[in-house]
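Descriptive analysis of the structure
Chain by chain, the residues:
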Amino acid sequence: MLDVAVIEDPAVAEVSLDPVRARLLAELAEPGSATTLAARVGLPRQKVNYHLRTLEQHGLVELAEERRKGNMTERVMRATAASYVISPAALAAVQPDPARSPDRLSARWLLALAARLVRDVGNLITGAAKADKRVATFALDGEVRFASAADRAAFAEELATAVTSLVAKYHDENAPGGRPHRVVLAVHPSLPKE
């Protein structure tokens with residue numbers, strides 16, 4: 001089971017967004033049959049079976065094992081991932097595009113950058129999985145509390161200068177066999193902890 005799977009196909013996204021199927025996916029972090037799931041979610045086994053077949057057809061669940069029970073075979077299913085992210089690629093022509101209105105101080109531009117990040121990293125993960133390789137990435141996450149808006153602006157300016165300097169130091173346009181990497185840094189207000 002993958003930690004996170006990226007959904008790029010609009011049909012798969014639609015299937016995963018159905019509330020009953022989303023609940024079944026959550027329940028299938030641990031393998032279960034239609035019978036055991038029906039008891040957990042309070043639905044008839046036949047209805048659960050219908051949803052499981054749909055989830056299986058779209059690659060969101062897979063067969064974990066088959067058990068003989070009397071004269072029938074019970075199929076035990078599991079989710080293909082612990083969690084799922086729907087890529088903006090599933091939205092095709094209406095996916096966010098940071099090139100439309102680049103504004104480093106805009107929350108909407110930040111969201112478009114984040115959407116591109118999800119789409120690109122999702123594509124990299126998919127390609128790496130097919131090639132049985134890992135993706136070279138690095139992420140940094142932290143929190144800073146600013147005393148004032150002026151401090152926040154000074155921080156943003158200093159951060160931009162430092163990153164620009166680092167990029168200039170290490171970027172080599174003509175490096176033989178070199179591979180471009182995207183750098184995305186974001187500063188936004190933190191949400192209250194739940």
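Residues numbered from 1 in each chain as written. Predicted model: local features only at pLDDT ≥ 70, side-chain atom pairs only at ≥ 80, totals over all residues. Heavy atoms only, no water.

Take the environment of Val 121 next. Locating Val 121 in the fold gives a position in helix α5 (residues 107-131). Classification of Val 121 by relative accessible area gives partly exposed; the value is 30%. (Helix = DSSP H or I, 4+ residues; strand = E, 2+ residues; numbered from the N terminus. Buried < 20%, exposed > 50% of the residue type's maximum accessible area, 1.4 Å probe, protein only.)

Residue position: Leu 52 is located in helix α4 (residues 45-57). For Leu 52, a relative accessible area of 4% gives the class buried. Residues contacting Leu 52, with those up to four places away along its chain left out, are Leu 28, Ala 34, Leu 37, Val 61 and Met 77. (Contact = heavy atoms within 4.5 Å.)

On to the sheet that holds strand β4 (residues 72-79). Strand order across the open sheet formed by 3 strands is β2-β4-β3, with antiparallel pairing between neighbours. Two strands in the sheet have a free side with no partner beyond their single neighbour: β2 (32-33) and β3 (61-69). Across 8 bridges, the pairing between β3 and β4 is antiparallel. When the sheet's bridge partners are listed, Glu 66 is paired in β4 with Arg 75. Of the strands in this sheet, β3 and β4 are in contact with α4, which crosses β3 at around 135°. (Pairing = 2+ DSSP bridges. Axes fitted to C-alpha atoms, helices over the stretch in contact; angles between N-to-C directions.)

Right, let's talk about α5 for a bit. Its 25 residues give α5 an end-to-end C-alpha distance of 36 Å, which sits within 8% of 36 Å, the value for a rise of 1.5 Å per residue. Turning to α5, its buried residues number three or more, namely Trp 109, Ala 112, Leu 113, Ala 115, Arg 116, Gly 122 and Ala 128. Packing partners of the buried residues in α5 comprise β1 (2-7). Where α5 begins, the side chain of Ser 106 points an oxygen toward the backbone nitrogen of Arg 108, at a separation of 3.2 Å. (Expected span 1.5 Å × (residues − 1). Polar contact = N/O pair within 3.5 Å; in protein donor to acceptor, adjacent residues only side chain to side chain.)

Our focus in this paragraph is the nonpolar core. Among the nonpolar cores identified, the biggest contains 19 residues, and Leu 28, Val 48, Leu 52, Leu 55 and Leu 60 are the most heavily contacted of them. Those elements that place two or more of their residues in this core are α1 (10-17), α2 (19-27), α3 (34-41), α4 and β4. Look past the residues within four positions of Leu 28 in its chain and what remains in contact with it is Met 1, Leu 37, Leu 52, Val 61, Met 77, Arg 78 and Ala 79. (Core = buried A, V, L, I, M, F, W, Y, C linked by side-chain atoms within 4.5 Å.)

It is worth spelling out the pattern of salt bridges at this point. Any two side chains of opposite charge can pair, on the condition that their charged atoms come close. A full pass over the atoms with the stated rule returns 10 salt bridges. Between Arg 78 and Glu 62 there is a salt bridge, and its shortest N-O distance comes to 2.9 Å. Taken together, the positions of Arg 78 in strand β4 and Glu 62 in strand β3 put the pair 16 residues apart, joining distant regions of the chain. Exposure remark for Arg 78: the relative accessible area of 28% places this residue in the partly exposed category. A residue is classified by how much of its surface remains accessible, and Glu 62, at 29% relative accessible area, is partly exposed. Its salt-bridge partner being Lys 69, residue Glu 74 comes within 3.9 Å of it at the nearest N-O pair. Owing to a relative accessible area of 10%, Glu 74 belongs among the buried residues under this scheme. (Salt bridge = Lys/Arg side-chain N within 4 Å of Asp/Glu carboxyl O.)

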